[in-house]
Amino acid sequence: MLLLVHQLLPSVGSGKAGGRIAQQSAPKHACWAITPSGQKRLNPTETIAVSMLRVFNFLPQPDRIPTARSLLVRESSILLGYFMSKNPILGITLLFSLFTGLKPAEAQTASIYIDSTDQTITGFGGMNFPRWIPDLTSAQVDKAFGNGSGQIGLSILRISVSPNRNQWGQEVPTAQRAANRGAKVFATPWSPPASMKNNGSTTRGSLRTDQYDDFANYLRDFTDYMSSNGVNLYAIAVQNEPDYLPDYESCGWSVSQMRTFLNNNASIIPTRIVAPETVHFKSSWMNNLVSSSQVDILADHAYGGSPNRISNRGNKEHWMTEHAYNSSVSGNDMADALNFGKEIHDFLTNGYNAYVFWYIRRSYGLITEDGNVSKRGHTMAHFAKFARPGYVRVRTTDSPTSNVYVSAYKNGNTLVIVAINRNTSSQRVTFDFSGYNVGSLSKWETTQSSGNNVSSQGSVAGGGSMTNTLAGRSITTFRGTIGGSDDDGGDDDGGDDDGGDDDGGPSSSSASVEIESLAEQNSFSPLSIQSDSNASGGRYAVWPNSGDQALVNPSDNAGGQVLITFNLSQSADVTFNIRVNFNNAANDSFYYKLDNGSWITQNNTTTSGWSSLSPTTFSNLSPGNHTLRVLRREDGSALDQVTLVASGGTISISNGSLGDDDDDEPEPTPEPEPTPEPEPTPEPEPTPEPEPTPEPEPTPGNSSCDGVVEYPNWPSQNWSGGPYDHAKANDEIVYQGVLYRANWYTSTVPGSDASWTRVGTCD
């Protein structure tokens, strides 16, 4: 029966032209409908609507075709119609078959296993190569590394280490701008200087073994040079694609040569080390280098290979650091952009912490040569803007139906879902939250339509599950609150919602305090209170901007700090959010500390006006009272409101004003804005645990700690005259009466992770 309809409908004055519906001025045959209100002749638009159902393969959801939907709704019944022809009875029968076949498609289910987590996201990025193509402009850096409307939200910048020292300065302008926007900057050499190689050329050849130490010094010097120009490198690589020798800057290494260099020479390099950056994942390289104490980040590219999970990588991260994905295809080809999104999905679901594209600006890039963000860039933005650094990937049903791919991420009680639909037709998907309740979710969508780029689609009702339609050829992001309340005013597409409390998952609560309301504390001065109508409550606290003031050594007795005392009803994770206005990442910053833990630095962040930062989540805090300290660090830091969000039970702040209210009830978590607030990028150095796990008692014998610096002071600096802000390999430091020795470059709390060896107690 339906096959005959396919043959009949083309005679209805409409057809396919260039993939679009070509609407004629009048249909070839008239179309009639019989409804409970009587017989009705359909006008040309309504006839075209019926024809569209055929062209779109009888899509099961007429709400995707507005004219068809309006026709059905207006008649308030299932349409029984027929085409005026020589056989009206056949026409009635065919149309009846057509429209009674329009049943909603059954939704496919993607399970979101909120309790089952995988890797922590470090970020998403791209390459700038001013030695080979023109440098990014300041506006293009903003589009790439900003996280506002129309921006991509990148958090990693890759640059090159030129074999010519005189070219190093070309990397500085964009690196400075990206770093000031909170990006991690890492560098890769394509070749050592020609004088260090066995062929005397920067093309092909290999590094002479007698030059290993000189090359390590070269990488150290580049790191120091960037630091002296305001860019603290997050990491540096040993070699770009050591297993490939093209006829441009290159250098060949064997895996054993790289392991020898790392073990014997790399300890002098004052930042993290990336290796091996092979052309694609190669298990022989990874298995050999994973055990090297000098390697911090394992990396490979994506040429001719597929993502692979490293199951036993210890505390090392795994990055994909280069792919010029389909460089012959325009960055605005939506079908190809979704294939690109699928590649990002594949690397993330295989445990990679970061995905770094090749050129940021190119015809096939994230930004096209005219300076506009491409569809490929907007596709990456669905990951980069929402799965921010520090988010943890949540395991999911990766592909609930053909050509649909789902990944999920959480930070505290915030849940983010990214769904890719490569089908030309829309797809109905149910997201099951594995026993948890997720509150109303905000929705953003990018499709092939011009201008529909990470566009807000309003909110979707949550609950124990959520069902929604993914548009054809689209990428969609949902963001909601784990344990949040459902939106009873919305349509949750079939889920039971009795308005009661769902017991499927932990609840959450939040409490806020205005920092200026704590001015009566003895430690408040020299912070002062200023007025700003855009600040929460119209006022904020600031350390007066008098030039280059800086508090180098934080202490519990320092002025310019506030103490926030809060109480937990049960054990819970607590996310620390603070509203700030940081106009200058090089100056604006603060310290914070929980209970008797160590002072932690929040630095290198800039905001566009007042924005919320989430410096950390304190894990598994015990029930009862806790104290959070926030301390000035550099002048000009404008601090507004602190909000603490507990993953379970209730939380209450017992000092200061709770938000803008005068009662003692905790303030609810604000609904997400349609456009996501810029979120912070973590410090280049790993955030230390607020309370390190106590080490076991030392082996017999005490150690002399005479003359050894005591934490939070540091023994090393990156360049002459620079701040003492880290320890390098074999440096010693005293913390809480215990002597520790650094295993490699680190600025974590002594004893808090594998970068430290406990020597013994001080005698």
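Residues numbered from 1 in each chain as written. Predicted model: local features only at pLDDT ≥ 70, side-chain atom pairs only at ≥ 80, totals over all residues. Heavy atoms only, no water.

Draft legend 1. Quick peek at the sheet that holds strand β37 (residues 738-742). In space, the three strands of this open sheet follow the order β36-β37-β38, with antiparallel pairing throughout. Of all the strands in the sheet, the pair left with one neighbour each is β36 (732-735) and β38 (756-761). Averaged over all neighbouring strand pairs, the angle between strand axes comes to 30 degrees, with direction disregarded. Here β36 runs beside β37; their pairing, made up of four bridges, is antiparallel. Within the sheet, the bridge partner assigned to Ile-733 lies in β37 and is Tyr-740. (Pairing = 2+ DSSP bridges. Helix = DSSP H or I, 4+ residues; strand = E, 2+ residues; numbered from the N terminus. Axes fitted to C-alpha atoms, helices over the stretch in contact; angles between N-to-C directions.)

Draft legend 2. Quick peek at the packing of aromatic side chains. Throughout the structure, instances matching the rule amount to 33 aromatic pairs. Measuring from centroid to centroid gives 4.4 Å for Trp-358 and Tyr-359, while their planes differ by 35 degrees, and the two rings are tilted. Since its relative accessible area comes to 7%, Tyr-359 is described here as buried. Measuring from ring centre to ring centre gives 6.4 Å for Tyr-592 and Phe-618, while their planes differ by 70 degrees; the resulting arrangement is edge-to-face. Of the two residues, Tyr-592 is situated in strand β28 (residues 590-594) and Phe-618 in strand β30 (residues 611-621); the sequence distance between them amounts to 26 residues. (Phe/Tyr/Trp six-rings, centres within 6.5 Å; stacked < 30°, edge-to-face > 60°. Buried < 20%, exposed > 50% of the residue type's maximum accessible area, 1.4 Å probe, protein only.)

Draft legend 3. Broad picture of the packing of helix α5 (residues 138-145) against helix α6 (residues 172-180). Interhelical geometry of α5 versus α6 gives an angle of 40 degrees and a closest axis separation of 10 Å. It follows that α5 is oblique to α6 by the angle criterion. Seen along the crossing, α5 lies across α6 with a hand that is right-handed. Touching Ser-138, Val-141 and Phe-145 of α5 are Thr-174, Arg-177 and Ala-178, all from α6. (Parallel < 35°, antiparallel > 145°, perpendicular 65-115°, else oblique. Left-handed = near helix turned anticlockwise from the far one by under 90°. Contact = heavy atoms within 4.5 Å.)

Draft legend 4. Layout of unusual backbone geometry. For the bond from Ser-525 to Pro-526, the omega torsion is 15 degrees, close enough to zero to count as cis. Secondary-structure assignment places Pro-526 in the loop between β23 (509-514) and β24 (528-531). Across the junction of Tyr-711 and Pro-712, the peptide omega takes the value 20 degrees, indicating a cis bond. Of note, Glu-241 is a non-glycine position whose phi angle comes to about 45 degrees, a positive value.

Draft legend 5. Inspection of the state of the cysteines at higher detail. This model, assessed by the stated rule, comprises one disulfide. Each sulfur in the disulfide pair Cys-705 and Cys-762 lies 1.9 Å from the other. What sets the handedness of the Cys-705 and Cys-762 disulfide is the S-S torsion sign, and at about -90 degrees it is left-handed. One end of the pair, Cys-705, is in the loop between β33 (651-653) and β34 (716-717); the other, Cys-762, is in the segment after β38, with 57 residues separating them in the sequence. (Disulfide = S-S within 2.5 Å.)

Draft legend 6. Inspection of the nonpolar core at higher detail. In terms of nonpolar packing, the biggest core is built from 90 residues, with Phe-124, Leu-154, Trp-253 and Met-380 touching the most fellow members. Excluding residues that lie within four positions of it along the chain, Met-380 makes contacts with Phe-124, Gly-125, Leu-154, Phe-340, Ile-344, Tyr-355, Phe-357 and Leu-366. Of all hydrophobic cores here, the second largest spans 33 residues; its members include Val-513, Leu-527, Phe-582 and Leu-644. (Core = buried A, V, L, I, M, F, W, Y, C linked by side-chain atoms within 4.5 Å.)

Draft legend 7. Representation of the environment of Gln-257 in the model. With respect to the helices and strands, the residue Gln-257 is situated in helix α8 (residues 255-265). Judged by its relative accessible area of 29%, Gln-257 is partly exposed. In this structure, the C-alpha to C-alpha distance between Gln-257 and Leu-207, residues 50 residues apart in sequence, is 9.3 Å. Look past the residues within four positions of Gln-257 in its chain and what remains in contact with it is Tyr-212 and Gly-252.

Draft legend 8. View of the pattern of salt bridges. In total, this model carries 19 salt bridges according to the counting rule given. Taking the shortest distance from any N to any O, the salt bridge between Arg-158 and Glu-277 comes out at 3.1 Å. Here the residue Arg-158 occupies a position in strand β8 (residues 156-161), and Glu-277 occupies one in strand β11 (residues 272-278), the gap between them amounting to 119 residues. A residue is classified by how much of its surface remains accessible, and Arg-158, at 0% relative accessible area, is buried. (Salt bridge = Lys/Arg side-chain N within 4 Å of Asp/Glu carboxyl O.)

Draft legend 9. Region of interest: the packing of helix α10 (residues 334-349) against helix α11 (residues 375-384). Relative to each other, α10 and α11 sit at 30 degrees, their axes nearing to 8 Å. The orientation of α10 relative to α11 falls into the category roughly parallel. Here α10 runs over α11; the crossing is right-handed. Counting all contacts with α10, which are made through Met-334, Asp-336, Ala-337, Phe-340, Gly-341, Ile-344, His-345 and Leu-348, the residues of α11 involved are Lys-375, Arg-376, Thr-379, Met-380 and Phe-383. A per-class count over the contact of α10 with α11 returns seven nonpolar, three polar and three charged. (Nonpolar A, V, L, I, M, F, W, Y, C, P; charged D, E, K, R; others polar.)

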